[in-house]
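Chain by chain, the residues run as shown.
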Amino acid sequence: MMLYKLSVDLLFTYLWLLLLFCGSRPTFAFISPIMTAETIMKNPKSEGIVQKTTTTTGLHSVVPSLIVFDLDNTLWTPELYQLRKLQRNKQYPVANKDVKLFPVARDILLQQIVDNPTFANTKLAVASRTQNVEWANDLLEQFGIKDRFDYIEIFPGDKKRHFSNLKSQSGIDYKDMLFFDDSRDGRYGNCEPVSALGVLCVHCPKGIYEDSIWTNALEQYQNWSDKKPPNTIVEWDGTITTKKKSVGATSNERFKGQVKFVNREKRFGFIKYGGSNTKDMFFHFNALPNNQDVEEGDELSFMVSTNQKNGKDAAANIEIVSSGSNDNDVNTVQMRVFSMNLPFAALLSNGYKTIETRNGTMFTPYEEGTKMLLQVGQRIYPDGNRHIDVMKSGGLQDDEIETLKSLPPGFTKGMAV
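What counts as what
- Residue indices follow the written sequence of each chain, beginning from 1 at its first position.
- Selection of residues for local features in this predicted model requires a pLDDT of at least 70, selection of side-chain atom pairs for listing and counting requires 80 or more, and totals for whole chains, interfaces and linings are taken over all residues.
- Working from all heavy atoms in the structure, the side-chain values ignore hydrogens and water.
- Counting from the N terminus, the helices are the DSSP runs of H or I reaching at least four residues and the strands are the DSSP runs of E reaching at least two.
- The definition of a polar contact used here is a pair of N or O atoms within 3.5 Å, where within protein one atom must be able to donate a hydrogen and the other to accept one, and adjacent residues in sequence count solely through side-chain atom pairs.
- The contact definition used throughout considers only heavy atoms, calling two residues in contact when any of these lie within 4.5 Å.
- Burial status follows relative accessibility: with a 1.4 Å probe on protein chains alone, a residue under 20% of its type maximum counts as buried, one over 50% as exposed, and anything between as partly exposed.
- Crossovers are described as right-handed under a simple rule: with the strands pointing away from the observer, the path leading from the first strand over the helix to the second runs clockwise.
- Whether two strands pair comes down to DSSP finding at least two bridges between them.
- By convention, a stacked pair of Phe, Tyr or Trp rings (six-membered ring in the case of Trp) has centres within 6.5 Å and planes under 30 degrees apart, an edge-to-face pair has planes over 60 apart, and any other such pair is tilted.
- Here, nonpolar core means buried Ala, Val, Leu, Ile, Met, Phe, Trp, Tyr and Cys residues that are tied together by side-chain atoms lying within 4.5 Å of each other.
- Patch membership needs two things, relative accessible area over 30% and no salt bridge, and members are linked within 9 Å if like-charged or within 5 Å if nonpolar (Val, Leu, Ile, Met, Phe, Trp, Tyr).
- Shrake-Rupley sampling with a 1.4 Å probe provides the accessible areas, and residues are treated as covered by the protein chains on show and by no other component.
- Salt-bridge detection follows one rule: a side-chain nitrogen of Lys or Arg within 4 Å of a carboxyl oxygen of Asp or Glu.
- Positive charge is attributed to Lys and Arg, negative charge to Asp and Glu, and no charge count is given to His or to the chain ends.
- Note on charges: their place is set at NZ of Lys, CZ of Arg, CG of Asp or CD of Glu.

Caption draft 1: Examining the side chain of S128 more closely. Of note, S128 is situated in strand β4 (residues 123-128). Here T130 takes part through its backbone nitrogen, which lies 3.2 Å from a polar atom of the side chain of S128. Residues in contact with S128, not counting those within four places in the same chain, are D70, L71, E153, I154, F155, K159 and H162.

Caption draft 2: Representation of the pairing of strand β7 (residues 200-203). Residues L200 and V202 line one face of β7 and the alternating positions C201 and H203 line the opposite face, and both faces are buried. As a crossover connection, the stretch from strand β6 (residues 177-181) through helix α8 (residues 191-196) into β7 is right-handed. Sheet analysis places β7 next to strand β8 (residues 232-234), joined by 2 bridges and oriented parallel. Note on β8: the bridge partner recorded for V202 is V234. Considered for its hand, the β-α-β crossover made up of β7, helix α9 (residues 211-224) and β8 is left-handed.

Caption draft 3: Focus on the packing of aromatic side chains. Under the criterion given, the structure shown has 15 aromatic pairs. Relative to F179, the ring of F163 has its centre 4.9 Å away and its plane inclined at 75 degrees; by these criteria the two rings are edge-to-face. Of this pair, F163 sits in helix α7 (residues 159-170) while F179 sits in strand β6, and the two are 16 residues apart along the sequence. A single burial state applies to F163 and to F179, both of which are buried. Ring geometry for Y273 against F302: centres 5.3 Å apart, planes inclined by 85 degrees, an arrangement best described as edge-to-face. On the criterion of sequence distance, the pair formed by Y273 in strand β11 (residues 268-273) and F302 in strand β13 (residues 299-306) is long-range, its members being 29 residues apart. By the burial criterion, Y273 is buried, and F302 matches it.

Caption draft 4: Looking closely at the nonpolar core. Core analysis: the largest hydrophobic core is formed by 42 residues, its most contacted members being F69, L75, W76, F149, F180 and W214. If you tally residues by element for this core, the top one is α9, at 6 residues. Not counting chain neighbours up to four residues away, the residues in contact with F69 comprise L75, L109, L124, A125, V126, A127, F149, F179, F180, I208 and W214.

Caption draft 5: How the structure looks around the pairing of β13. Most of β13 sits out of view: 6 of its 8 residues are buried. Inspection of the sheet shows strand β10 (residues 255-263) paired to β13 by 4 bridges, in the antiparallel sense. By the bridge assignment, G257 is partnered in β13 with L300. The sheet contact formed by β13 and strand β14 (residues 313-322) spans 7 bridges and is antiparallel. Residue pairing across strands places S301 opposite E319, the latter belonging to β14.

Caption draft 6: Examining a positive patch on the surface more closely. A cluster of basic residues, R84, K85, R88 and R386, forms a positive patch at the surface. The element best represented in the positive patch is helix α4 (residues 84-88), accounting for 3 residues. With respect to the secondary-structure elements, K85 resides in helix α4.

Here's what the structure looks like:
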């Protein structure tokens, strides 16, 4: 038996030397210190051995030049806007008490990337839309991970602005980036708009809470890197989705047309464009830039996207080229307007309240001092009179509170202040 084992060891030593002198670099692991010839004889399924080696050493042969992480519900939990009690008390959250860093995320940042020489030239970045900018930076310090990031983009607004800055600062192209985020699509989605830039996005709705999210993302990046198609997302279940281009539209192709019909109640409309045989293009008000309004006859520039659920086309990334209305009418003035219910509309109009930070992203495109109209809603917001408790905690008396809760003279519900 000892002679048989010795012969097997000599055989594999011979094969190793043969490959070495032939100029080939062995990539399989049956000569590794932890997998001897005796181990192979006990597990002769060579496919299993090759599979194991590919998973541990061959997976990272192609890695991103820049890996970007969202913060809230991606690296840590909960989302910072949920810490309302701390906000009211003007207290900073405490790491590992109020906010928990996912253990897997910590291991990735502080060990896996550091210990793996494959990532020697890979940069790391943060891209967060949180309104709590100071909190976020402070938590990065508390968790001891801030120095791990080469670039930090933390400010409310459009995630695409974060990536535009990252591309400019790093000189790295979008197609060489990998992005982890818990929000996929919709009004507050990040993966879908960022993937349209050409970045491979990883949707992790529960955060990076297990190692398979990380390893699968790297594997999918390697597979995707052959062609690097835009609009590609690694889904929560590990699969990969590439959004198909609309018929007749390239990824960067824009069209021009005029607003033909608007339904303000349901917030949608149709754009007439192309020739007489071209079907009018549907659009939703959410696709309008910076919550601007449009009228019938306005000229728009737009791209076409396809809804993955129903397969229908709709206008996206709309830009207002020109207005069909009479801008020279001396009896009219154009102003932006937003809506808010009582009592907060009154508190805002009387100068006591400011715009809520968690709802403030709609105002980021506008410079400080921009004038807008406040439309007073028809309803009373049901907060259980919590606003009264907050105001009393600030030292206000009942009569002062009642005055601040009342609209300025001459104004009532439904009017613009």
